[in-house]
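# A structural walkthrough
Each chain, letter by letter, is given below.
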Amino acid sequence: MAISTEVPQTVEWNGKKVPVYPMEVIDFSKLLSQEPVEIERLLQCCQDAGYFYLDLRGIDGRRMLEDQQDTLKLMYRFFDAPLEAKNEFGLVAPHLGYEPIGSRTGVLENTKDGYEMIKVSRDEIQKDSPHLPAVLKTSPDMKVLEHAIAGANIATKTILAALSTALGLTGAARFENAHRNERPSTSTLAMMHYIPSEPTAHNIGHQKHTDISSLTFLFAEQWGLQVRPPGAREFGFVEPRPGMAVINVGDSLRFASGHTMQSCIHRVVPLVPEEHRYSIAYFLRAENDTMFTDSEGRYITAGQWHDEKFFAFTSPPELQALAPSSMILGGMTEEDDSAAAADSKDAPSPIVGATNMKEAVQVY
């Protein structure tokens with residue numbers, strides 16, 4: 001669909017008016033220059049909302065916009081390939097491989113997700129013979145993936161460095177020192193294709209979740225992303241803006257900041273039911289052996305948090321019940337949860353964080 005240059009206050013979705021939440025814009029070029037005012041604005045965004053636009057239209061960010069377009073072309077070819085070619089190796093690891101449509105729970109009760117996804121990890125792409133489907137293993141495609149991952153890695157590390165500076169962190173305490181390139185991590189590039197679907201379809205969208213990552217670097221030219229800001233009583237859309245990425249704070253950075261930053265609760269729904277939607281997300285994650293205090297007060301590694309949260313939401317309900325209750329949304333709470341629980345005869349499930357909208361949650 002055409003991208004509006006004017007932010008509407010509401011849009012029509014599923015028979016009702018839904019808000020379009022405003023977002024602050026952070027200039028990537030100013031972060032590179034470590035401009036104090038922009039760094040302070042960045043910190044405020046992460047502590048108050050947990051998300052913002054990153055403006056890449058300056059000379060320092062234009063290459064990332066070109067990488068985005070090259071990646072989209074690659075995605076069109078890949079997702080148009082036969083299922084057996086895309087699913088050559090299946091899901092090799094939680095952060096590497098292909099997931100077909102319907103692999104997870106959908107946005108609403110009794111639905112499955114409405115997207116397929118291929119994930120290429122930063123560690124894997126650097127190997128001499130990365131574990132990727134043959135349809136992605138051509139020399140030009142490998143170069144596209146390398147550029148996309150490298151650019152997103154640079155951008156997110158720049159943000160981490162600016163946040164460290166804003167908080168007065170020094171030496172090993174700086175956030176970027178827990179994200180060193182040579183140390184193993186689950187950092188990955190996820191490319192998603194959402195199929196056309198009505199709001200009443202069996203396969204629909206991507207259910208609400210917080211990301212496991214420290215930072216998520218997202219390109220999406222089409223409407224569909226919704227966020228639920230801290231204190232908000234409903235989800236609202238995020239307007240796609242040309243020349244900008246959407247950045248959101250994930251669980252790991254929330255924990256590393258002493259729970260002072262907000263991990264963004266978000267989901268994806270089909271605003272235009274008949275369209276194919278594509279999005280590109282780079283998940284910057286801490287080194288696997290990085291230690292932090294999680295939402296349950298446990299002192300654990302980033303690798304353990306990743307594996308437990310991923311396992312919890314890809315397991316049968318009886319195994320999901322073993323997960324800590326606050327794992328679902330990384331310790332974040334929703335404004336009307338307590339009211340919904342009090343008003344409902346059947347209390348919301350502590351396992352899938354169901355609300356009066358009868359939603360479930362998911363992780364990357």
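Look a little higher up for the structure.
Residues numbered from 1 in each chain as written. Predicted model: local features only at pLDDT ≥ 70, side-chain atom pairs only at ≥ 80, totals over all residues. Heavy atoms only, no water.

## Concerning the pairing of strand S13 (residues 244-249)
On a regular strand, one side chain projects to one face of the sheet and the next to the other, so that they alternate. Among the six residues that make up S13, six are buried, leaving the element largely enclosed by the rest of the structure. Because side chains alternate across S13, one face comprises the buried residues Met-244, Val-246 and Asn-248, and the other comprises Ala-245, Ile-247 and Val-249, equally buried. Judged from the four bridges that link them, strand S10 (residues 215-220) and S13 form a sheet pairing that is antiparallel. Bridging across to S13, Thr-216 finds its partner in Asn-248. (Buried < 20%, exposed > 50% of the residue type's maximum accessible area, 1.4 Å probe, protein only. Helix = DSSP H or I, 4+ residues; strand = E, 2+ residues; numbered from the N terminus. Pairing = 2+ DSSP bridges.)

## Notes on the nonpolar core
Formed by 52 residues in total, the largest nonpolar core has its most connected members in Leu-42, Phe-52, Leu-54, Leu-56, Ile-159, Leu-163 and Phe-217. If one sorts the elements of this core by residue count, helix H6 (residues 139-166) sits on top with eleven residues. Beyond its immediate sequence surroundings of up to four residues, Leu-42 is in contact with Ile-26, Leu-31, Phe-52, Ile-159, Ala-162 and Leu-163. Formed by 21 residues, the second largest nonpolar core is a distinct cluster that contains Ala-49, Met-192, Leu-218 and Leu-225. (Core = buried A, V, L, I, M, F, W, Y, C linked by side-chain atoms within 4.5 Å. Contact = heavy atoms within 4.5 Å.)

## Some remarks on the pattern of salt bridges
Taken as a whole, this structure holds 17 salt bridges when the rule is applied. Where Glu-124 meets Lys-127, a salt bridge forms, and the shortest distance between an N and an O atom there is 3.1 Å. The exposure class of Glu-124 is buried, given its relative accessible area of 8%. Judged by relative accessible area, Lys-127 falls into the partly exposed class, the value being 47%. One salt bridge connects Asp-251 with Lys-309, and the closest N-O pair in it is separated by 2.5 Å. Placement of the pair is Asp-251 in helix H7 (residues 251-256) and Lys-309 in helix H8 (residues 302-312), with a sequence separation of 58 residues. Judged on exposure class, the residue Asp-251 and its partner Lys-309 are both buried. Because the salt bridges share partners, they merge into one network encompassing Glu-24, Glu-38 and Arg-41. (Salt bridge = Lys/Arg side-chain N within 4 Å of Asp/Glu carboxyl O.)

Just distances and angles here, no functional claims.
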